[in-house]
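Spelled out, the chains give:
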Amino acid sequence: MLLLVWPGCRNTPDNINRTAVIVTLKLPENLMNANPVLLNEGLVYSFKNISTGQVFTFAETKAILLPEGLYDCFFEGWLSSGTSDKIKIKAYAPSLQILGSSVSIELKSFKAPAKSGFVFEELFFTGVLTPQGKQYHGCSYFKIRNNSDKLLYADSLVICESRFISTQKWDYQPDIRSQAMPVFAVYMIPGKGKDVPVKPGESLLIADIAIDHRKANLNAYNLSGANFEWFDNSSRPSIQDTDNPLVPNLDKIYCYTLSIWVPHNRGFRSYALARMKTDKDSYLRDYIYEYSYVMKLPSGVFPMTGKGYKMPNAWMEDVVNCSIESDYVWNLVDPSLDTGWTYVSKIDHDKTRYNKSVRRKIAYVTREGLEILQDTNNSSDDFIPAAQPSMK
Ligand SMILES: [Ca+2]
Ligand SMILES: [Ca+2]
């Protein structure tokens, strides 16, 4: 019978002071326009006592009573939004002081990540200008992060650039987006499986040219500490790449150009991080994408064909659509990979786009200081557009 009066009674028979916890759950702001409703089933409010390790779990917020102490709180639940499937949400609030007769806490929930693994943490594709105002190439970079809580290996991860651009759409046939992404550049992290360990929360910096660019251009960055660079053996004498022998090169699987790969600096292309599941020769033989479309222009109607490669959706770790507001037409990948898009420029040929990147938001920081990045497969929400580059 004593159990029934605990919520109003701190001094319990075991002489442990208990605290009533009043929980306010905030639903994700970016889902509010879908009028979400929190479902009663599947709710888990879990409180882990930091000093004892003891975990207390509740299925509702009524009558949460905990022994006084310092706690980490984890929450999981589901939303119905009427229009789509159930949406899983989570919240995490570390180091809560649960002391006194009652404590109010607020849990800010977020849409649960689709999965946890490697993600793009930052994409820097706009480049920089020289002090004379000329475009300077070679300091593009990607940062990829182990966004899980386990040691992961980056061997065989590929960075891909989309075949198509988000600012122009023809009726490409066959439309393979439900199975694969048409790609134009595929570069792979070398390794036999366990050569490139990445700890939880750590990142790899992958640069076009891994040198200290500040020596040539004060506006550029020091990328000499990159983990990898992509090197192209250019067939055009006037356009040559630079190979820093101290920084390992990505394995070049395929690129549309015989000169050098420069990520689209106006921001029209999308990028994928995928795990290559076959060897290079088999990929180049078995993953060709041939397509046709009809260009309808004021000057006439032109049947066209093209050829490139495709990256299966099943191999994808993370995809980031990029575009610009003034010219956006379509998303280049299946919505299961990315329902949104991020940007640096709002208009085409934006002269202010240089020296800016797109960076993934931090969803939360664990008590141990581990940053968990936001990954809801919606780059419109997950990224900070036109951000200050981390390497600046
Ligand atoms: Ca390069
Ligand atoms: Ca090198």
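Predicted model, so just to flag it, every value in this text is computed and none were measured.

Cut-offs and rules
- Residues numbered from 1 in each chain as written.
- Chains lettered and ligands numbered in written order.
- Predicted model: local features only at pLDDT ≥ 70, side-chain atom pairs only at ≥ 80, totals over all residues.
- Pairing = 2+ DSSP bridges.
- Helix = DSSP H or I, 4+ residues; strand = E, 2+ residues; numbered from the N terminus.
- Core = buried A, V, L, I, M, F, W, Y, C linked by C-beta atoms within 7 Å.
- Buried ≥ 20, exposed ≤ 12 C-beta atoms within 10 Å, placed from the backbone.
- Domains from an automatic or database assignment.
- Contact = placed C-beta atoms within 7 Å.
- Nonpolar A, V, L, I, M, F, W, Y, C, P; charged D, E, K, R; others polar.
- pLDDT = per-residue confidence, 0-100.
- Axes fitted to C-alpha atoms, helices over the stretch in contact; angles between N-to-C directions.

## Description of the sheet that holds strand 25 (residues 357–360)
Point 1. With mixed pairing, six strands are arranged side by side in an open sheet as 19-18-13-10-25-28. This sheet does not close on itself; its edge strands, each paired only once, are strand 19 (228–229) and strand 28 (383–387).
Point 2. Pairing geometry for strand 10 (residues 118–124) and strand 25, over two bridges, is antiparallel. When the sheet's bridge partners are listed, Leu 123 is paired in strand 25 with Val 358.

## Thoughts on the nonpolar core
Point 1. Ranked by size, the top nonpolar core spans 74 residues in total, and within it Val 158, Cys 160 and Ala 272 carry the most contacts.
Point 2. It is strand 16 (residues 180–188) that provides the largest number of residues to this core, a total of seven residues.
Point 3. Both of domain 1 (2–111) and domain 2 (118–387) provide at least three residues apiece to this core.
Point 4. Residues within four places of Ala 272 in sequence aside, it is in contact with Cys 160, Met 181, Val 183, Met 311, Met 316 and Val 319.
Point 5. Counting residues in hydrophobic clusters, the runner-up holds 12 residues, among them Val 21, Tyr 45, Phe 47 and Leu 66.

## As for the pairing of strand 16
Point 1. Counting buried residues along strand 16, eight of its nine residues qualify, which places the element largely inside the surrounding structure.
Point 2. Two elements, strand 15 (residues 157–162) and strand 16, share five bridges in a ladder whose sense is antiparallel. Across the sheet, the residue bridging to Val 158 is Met 188, located in strand 16.
Point 3. Judged from the four bridges that link them, strand 16 and strand 23 (residues 300–312) form a sheet pairing that is antiparallel. Paired with Ala 180 across the bridge in strand 23 is Pro 312.

## So, the domain arrangement of the chain
Point 1. Domain boundaries assigned for the chain yield domain 1 (2–111) and domain 2 (118–387).
Point 2. The straight-line distance from the C-alpha centre of domain 1 to that of domain 2 is 40 Å.
Point 3. Contacts between the two partners involve seven residues from domain 1, matched on the other side by seven residues from domain 2.
Point 4. Among the secondary structure elements, those contributing two or more residues to the side of domain 1 that touches domain 2 are strand 7 (87–98) and strand 9 (110–111).
Point 5. Here the element with the most residues in the side of domain 1 that touches domain 2 is strand 7; it accounts for three residues.
Point 6. Taken together, the residues of the side of domain 1 that touches domain 2 sort by class into three nonpolar, two polar and two charged.

## Some remarks on the confidence of the model for the chain
Interpretation of this model should avoid reading the predicted coordinates in detail wherever pLDDT is low.
Point 1. Here the chain averages 92 in pLDDT, while 96% of its residues score no lower than 70.
Point 2. Confidence over residues 1–9 falls short of pLDDT 50; this stretch has seven contacts with residues more than four positions distant or in other chains.

## Notes on unusual backbone geometry
Point 1. Pro 174 follows Gln 173 through a cis peptide bond whose omega is -5°.
Point 2. Relative to the helices and strands, Pro 174 is located in the loop between strand 15 and strand 16.
Point 3. In this structure, His 349 is a non-glycine residue whose phi angle is positive, near 55°.
Point 4. Examined against the element boundaries, His 349 turns out to sit in the loop between strand 24 (316–320) and strand 25.
Point 5. Judged by C-beta crowding, with 9 C-beta atoms within 10 Å, His 349 ranks as exposed.

## Quick notes on the sheet that holds strand 5 (residues 64–67)
Point 1. Taken in spatial order, the three strands make up an open sheet running 5-1-8, and their pairing is mixed. With one partner strand each, in any of the chains shown, strand 5 and strand 8 (102–108) form the two edges of the open sheet. Adjacent strand axes in the sheet meet at a mean angle of 40° when their direction is disregarded.

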